[in-house]
Structure formats: C-alpha cells, structure tokens
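What follows is the residue order along each chain.
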Amino acid sequence: MDVRFAAALEAIVGRRHALTTPQEIRAYAYDGGVDRSLPLAVVLPGSTEEVAAVVRACRERDTRFVPRGAGTGLSGGAIAAGDAIVISTARLCRILEIDAPNRIALVEPGVVNADVSAAARPHGLRYVPDPSSMAACTIGGNIAENSGGLHCLAYGVTSAHVLGIRVVTPDGDIEWLGGKTIDTPGYDLAGVFIGSEGTLGIATQAVLALSPIPESVQTLLGVFDSTDAATAAVSAIIARGIVPGALEMMDALATAAVEADVGAGLPTDAAALLLIDIEGLSDGLEQTVDTVASICRENGAREVRVAKDGAQRDLLWKGRKSAFGAMGRISPDYYVQDGVIPRSQLPAMLRDVAAASAKYGLRIANVFHAGDGNLHPLILFDKQKDGEFDRALAAGADILQACVARGGSISGEHGIGLEKRDCMPLQFTPEDLSFMDRLKSAFNPDDRCNPGKIFPTGRRCGESARTAKSGALDDRTAALAGEPF
Ligand SMILES: Cc1cc2nc3c(=O)[nH]c(=O)nc-3n(C[C@H](O)[C@H](O)[C@H](O)COP(=O)(O)OP(=O)(O)OC[C@H]3O[C@@H](n4cnc5c(N)ncnc54)[C@H](O)[C@@H]3O)c2cc1C
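Calculation criteria
- Residues numbered from 1 in each chain as written.
- Predicted model: local features only at pLDDT ≥ 70, side-chain atom pairs only at ≥ 80, totals over all residues.
- Heavy atoms only, no water.
- 1 Å grid on protein atoms, 1.4 Å probe; cavity = no way out; pocket = protein on both sides within 12 Å on 5 of 7 lines; lining within 4 Å.
- Points joined across faces, edges and corners; volume = space filled by probe spheres on them.
- Helix = DSSP H or I, 4+ residues; strand = E, 2+ residues; numbered from the N terminus.
- Nonpolar A, V, L, I, M, F, W, Y, C, P; charged D, E, K, R; others polar.
- Disulfide = S-S within 2.5 Å.
- Buried < 20%, exposed > 50% of the residue type's maximum accessible area, 1.4 Å probe, protein only.
- Pairing = 2+ DSSP bridges.
- Axes fitted to C-alpha atoms, helices over the stretch in contact; angles between N-to-C directions.
- Contact = heavy atoms within 4.5 Å.
- Phe/Tyr/Trp six-rings, centres within 6.5 Å; stacked < 30°, edge-to-face > 60°.
- Lys NZ or Arg CZ within 6 Å of the ring centre and 35° of its normal.
- Near = heavy atom within 4 Å.
- Polar contact = N/O pair within 3.5 Å; in protein donor to acceptor, adjacent residues only side chain to side chain.
- Parallel < 35°, antiparallel > 145°, perpendicular 65-115°, else oblique.
- Left-handed = near helix turned anticlockwise from the far one by under 90°.
- Expected span 1.5 Å × (residues − 1).
- Arc of directions from axis to C-beta.
- Lys, Arg positive; Asp, Glu negative; His and termini not counted.
- Salt bridge = Lys/Arg side-chain N within 4 Å of Asp/Glu carboxyl O.

Got a minute to help me understand empty space enclosed by the protein in this structure?
Per the counting criterion, the structure on display carries 1 cavity of 30 Å³ or more. If you add up the space inside the largest cavity, you get close to 190 Å³. Sorting elements by how many residues they give to the lining of the largest cavity places helix H14 (residues 388-405) first, with 4 residues. Per-class residue counts for the lining of the largest cavity are 8 nonpolar, 3 polar and 8 charged.

As structure tokens, this is what we get:
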C-alpha cells in the first residue's frame, strides 16, 4: 500500500495498531462465511476520535474502508472486497456504564455480546439478544446485522434492545443516533442504522436496553420420530398463545454432530429434537411447562424431558450453541444458510431442503430457530473435492429460492453482505433496490464505507464471483502464499 497513507494511519493509531504486512493482515481475509479477500491494511483505533480521523484520512485519499468486529459474520460483511482497509473495533471494548436504575448499558462496539450480560447480572439484569456466537461476536457486529438469538422469539431481535448509537459517518463526522430514552423525536435514525451491515458508518458507542433476569426458567427437550411432527408441535405451541423464551429445533444429522462434540446426552436415534425454554414468574410456570409437554406429546413426541437443574439446562443449550462448530466432527467444510419462512411452512420447507440435498448430492443438517421460522441448513461439503464448493453454493441458492416461494425471506439474521447480494432480486424489485440505494447514498454518497455489500452485481443468485474452492474474490487473495483457505 502507499507508504504515505500507511504513515498517516500510523500517526493516528500508532505503529502497533496499523497492520500492513501480509502476515499481520492474513487473518482479516476471513469471516465466518465462505468469501475471502485480503484488505490493503488493518487499523485498530482506540477511540471514537481516532476512528473519525482514520475515516477522514480515507476520504482525503479516496480509499474505501470496512468496519469489523469479531469477524464471526456469516455473509462476508466484514470482508474487504477490492482495495479497502479494515477498521477493527477490537480495541474499543469497554463497558462504559451499567445504569441499573434506568436499565441501560453504555458500551463500546467491540464489547463481546456475552460480556454485557455478565456485567449486568449482579444487578439482576441481562442483555437479551443472545446469538449462538455470543461468546465471541461484538455489539457493533450485532447492531450492523440486527442479530437474533435463541431468546429473541419472545423478546425481539437487536433492534428492540438498542436505544442509541454514536456513529462516525462515512465522511468522518461524529453523530448520535437515538439516545438514552425509549423514543427520540424525529426520524428513527438508530432504527435505520441497525441492520445496515456497516454501510452507513461505524458505530463507536451504543446505549443498550437491559431486561430483568426472569424469576424462573424451565428447559424442555421434546424427542420426535419425524421432523413433520416436531414442526407441527412448534406451530401448535404458538397457536395456543404460549410464547416460549426460546424454541429451537435440531434434526438427526445435527444431533449426531452435537453429541460427538459436546456429549449433552441427546438421543441420536431421534429424527428431530425441540429445545424449549419457558421462563417468567415462578407462579404458573409449572402449568405452562405441563401444557407445552402435553402439546409435544399430542403432536407425536415419543418423550419429553425437563432439565432437572441449571447444570442440565446449560448442557442442553451448550449443545445447541455448539451446533455450527460441531459440524467439523462430521464434515471437513460446511456452508450455513439462513432463510425465513412462515412457521406453518416448516414441514414443506424441510422437504425442500431434503430435495436440495438429494439434487446436489450433499448432506444437509438442520438446526434452527423454529419458533421464528428461521432456518439454518448446514450444507456439508469438502472443498478438496472438485465441484463440491460450487454445488454447496448452488444448493444454498435453491434453498433461498424456496424460502421466497414459500412467502419468506432470504435472510433471517445473518445479513446479505457479499454472499447474498445477487439473491436480493429474488425478493426485491428494481424499484425497491433503488429506494434502498438512495437511503444508502444519503449516509454514504461515495460508497467508501463497506462497498460492494448488499446490492446486486448483476450475476444470478448462486452464481459465484469467487474462485472455486478458495472462495477468494481476487487473485491477490487466492495467491496468498499458496495458503489453503
Ligand atoms: C457459530 C456461529 C453462530 C452464530 N449464531 C448466530 C445467531 O444465533 N444469530 C445471529 O444473528 N447471528 C449468528 N451468527 C452470525 C454472527 O455471529 C453475527 O452476525 C454477529 O452479529 C457478527 O458480529 P461480529 O462482531 O463478528 O461482526 P463482524 O463479522 O466483524 O461484522 C459483521 C458486519 O458488521 C459490520 N460491523 C462490525 N462492527 C461494526 C461497527 N462498529 N459499526 C458498523 N458496522 C460494523 C461489518 O462491517 C460487517 O458488515 C453466528 C455466527 C457463528 C460463527
């Protein structure tokens, strides 16, 4: 990269926090998804003012930049495609305030999700959105992706728990969007920013709403001999007016991987498992647990277990939260899809997933937020085998098309990023996309901030812009010291 620009970045953040050598920046070519691209450089600012100074330096040299949290994103959002630098929030990781009486927390964007609840717990409070990646992902990434989690069925996703965001705009100005109160007059600019996938600026502080820890929690495990029966139980529970804290499903392949990894005592001969949290006031909770257990049995559950204590409950949830990583036990590689359908379409949609599995000759495990109709098919492949990577991408595209055909959406919570940008026309008209583009331009007129994300490139959904096998988006990355990606 240009030495004068490198020197300017070093002057802002210090030499230690401006990374330019291939060895230093290699790890930033990845996120949790399938795309790879080497950034020009990586800077790690230590304050909002340093972020703003870096952004202004980028503006002066017309250089593009990409905000990055922990890099656990699953749609390539934090990947610097083309010539761009990465601005990492790794050093912006302080919890600035827990204001228990007002039930809010003021945090920097690099704070790890689980650390917010850990800090709030002594006050009887928690931060509700709990992605399975909560031990690693950051609040900045959660805001950018409007992340969901196991307990978002009852309480809403990230947008329901963020009151205000301090932002460095793509021009390098510093603004507050929203504030510390439940509503701020005028346009809901925090609402616009949440879910914008890092294309409208860089969050440098956030005001989070904290919620009371429920008085009582019970966890049930429903064991089913067919996925149809399990999905019917999901719809029946919600139709009875019960909204569980969490309502998750795993199929047999996912359960086999989780058992091999965590040993949570799950029955590996079942076709499907439901994991259900019932939480709230102690009074009446047992009754709700009994009702949910009965609904499961009425819909064909062969067994319903209730966790006896916190340790059993934690083990069951550890199994669910480890499900993605557990795929490594049964496959060299996997590709996570993310789509939403109306709950009533779950049985038919799982048949669509099975059809994609048969068509492309790849195993697909299902583990997902069943209560929300948010599917996560895990497409298993081996990138060393010719054509498997491309077949995995094609299977993913078929699944997304089926989601839209069934009245759903191409993403539930993982975002569009690079991975799904060419699938946007499945769901949106050119007029819809142009309207979104005008909104982006109001914040980010020169497209310097996280370029190339969300908007289609003209390829077809599933048609790859990547190098087969490596997932690399450019030759420089593919050639990176002959490294296997
Ligand atoms: C095993 C596993 C399980 C997962 N489970 C879930 C789940 O249950 N629910 C769910 O929703 N997601 C889940 N994810 C996806 C991922 O963890 C979330 O999208 C998470 O919010 C990403 O956070 P991050 O800090 O890793 O962000 P990154 O991957 O670093 O970035 C994601 C996006 O956010 C932008 N960004 C990051 N920080 C900022 C900032 N400060 N300002 C502006 N933009 C920013 C980036 O530019 C990028 O577009 C899972 C991922 C893995 C690997």
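Even after reading the chapter, I still don't get the state of the cysteines, so can you show me in this structure?
As enumerated under the stated definition, the model contains 1 disulfide in all. Cysteine Cys137 is unpaired, with the sulfur of Cys152 as its nearest cysteine sulfur at 11 Å. A residue is classified by how much of its surface remains accessible, and Cys137, at 4% relative accessible area, is buried. For Cys152, a relative accessible area of 5% gives the class buried.

For this particular structure, what's the right way to read the sheet that holds strand S14 (residues 272-280)?
Sheets are built from strands that pair by backbone hydrogen bonding, the pairs being arranged parallel or antiparallel. Ordered by their spatial adjacency, 7 strands build an open sheet running S15-S12-S14-S13-S18-S20-S16, and the pairing between neighbours is antiparallel. Unpaired on one side and paired on the other, strand S15 (301-306) and strand S16 (333-336) mark the two borders of the sheet. Each adjacent strand pair in this sheet contributes to an overall mean axis angle of 20°, direction not counted. As paired strands, S16 and strand S20 (residues 377-381) are joined by 4 bridges and run antiparallel to one another. Bridging from a neighbouring strand, Tyr334 pairs with Leu380 of S20. Relative to the sheet, helix H13 (residues 346-360) contacts strand S13 (246-251), strand S18 (364-368) and S20, its axis offset from that of S18 by approximately 150°.

Hey, could you run me through the sheet that holds strand S9 (residues 174-178) in this one?
Spatially, S5-S6-S10-S8-S9 is the arrangement adopted by the 5 strands of the open sheet, whose pairing is antiparallel. Bordering the open sheet on either side are strand S5 (95-99) and S9, each of which pairs with just one other strand. Sheet twist, expressed as the mean angle between neighbouring strand axes with direction ignored, is 15°. Relative to strand S10 (residues 202-209), strand S6 (residues 104-107) is paired through 4 bridges, and the arrangement is antiparallel. Residue pairing for S10: Val107 is matched across the bridge by Ala206.

How should I be thinking about the packing of aromatic side chains in this particular structure?
Centre distance and the angle of the planes are the two values used to describe a pair of aromatic rings. Summed over the entire model, instances satisfying the criterion amount to 1 aromatic pair. Residues Phe381 and Phe389 carry aromatic rings whose centres are separated by 5.8 Å and whose planes lie at 50° to one another, so their mutual orientation is tilted. Both residues of the pair, Phe381 and Phe389, count as buried. Sitting over the ring of Tyr155, Arg126 keeps its end group 5.0 Å from the ring centre.

Just checking my understanding: could you explain the site of the ligand for this structure?
Around the ligand there are 34 residues in total, and Pro67, Thr72, Gly73, Ser133 and Thr138 lie nearest to it. In this structure, Gly77 approaches the ligand through a main-chain N or O atom, which is 3.2 Å from an oxygen atom. Elements with a minimum of two residues in the shell around the ligand: strand S3 (64-68), helix H5 (139-145) and S10. With 5 residues, H5 is the single largest residue contributor to the shell around the ligand.

Please explain the packing of helix H1 (residues 3-13) against helix H3 (residues 48-60) as it appears in this structure.
The packing of two helices is summarised by the inter-axis angle and the distance between the axes. Two elements in contact, H1 and H3, have axes whose closest approach is 9 Å; the angle formed by their N-to-C orientations is 165°. As the angle between them shows, H1 and H3 are arranged roughly antiparallel. Of the two elements, H1 crosses H3, and the hand of that crossing is right-handed. Contacts between H1 and H3 involve Phe5, Leu9, Ile12 and Val13 from the first element and Glu50, Ala53, Val54, Ala57 and Cys58 from the second. Taken together, the residues of the contact of H1 with H3 sort by class into 8 nonpolar, no polar and 1 charged.

Would you mind going over helix H11 (residues 310-321) with me for this structure?
For H11, built from 12 residues, the straight-helix expectation of 16 Å at 1.5 Å per residue is met to within 8% by its first-to-last C-alpha distance of 16 Å. All of the buried residues in H11 are Leu316, Trp317, Gly319 and Arg320. Within H11, the buried residues cover an arc of 150° as seen down the axis, which keeps them to one side. Of the exposed residues in H11, those oriented more than 90 degrees away from the buried face are Ala311 and Asp314.

I keep staring at the side chain of Arg68 and nothing clicks. Help me out?
Among the secondary structure elements, Arg68 is positioned in strand S3. Although buried, Arg68 forms no salt bridge, and the nearest oppositely charged side chain, Asp31, lies 6.2 Å from it. A polar contact of 2.8 Å, which involves the side chain of Arg68, links it to the backbone oxygen of Tyr30. With sequence-adjacent residues up to four places away left out, Arg68 is seen in contact with Ala27, Tyr28, Tyr30, Ala78, Val86, Ile87, Ser88 and Thr89.

Honestly, that's just the spatial picture; any functional story needs more than this.
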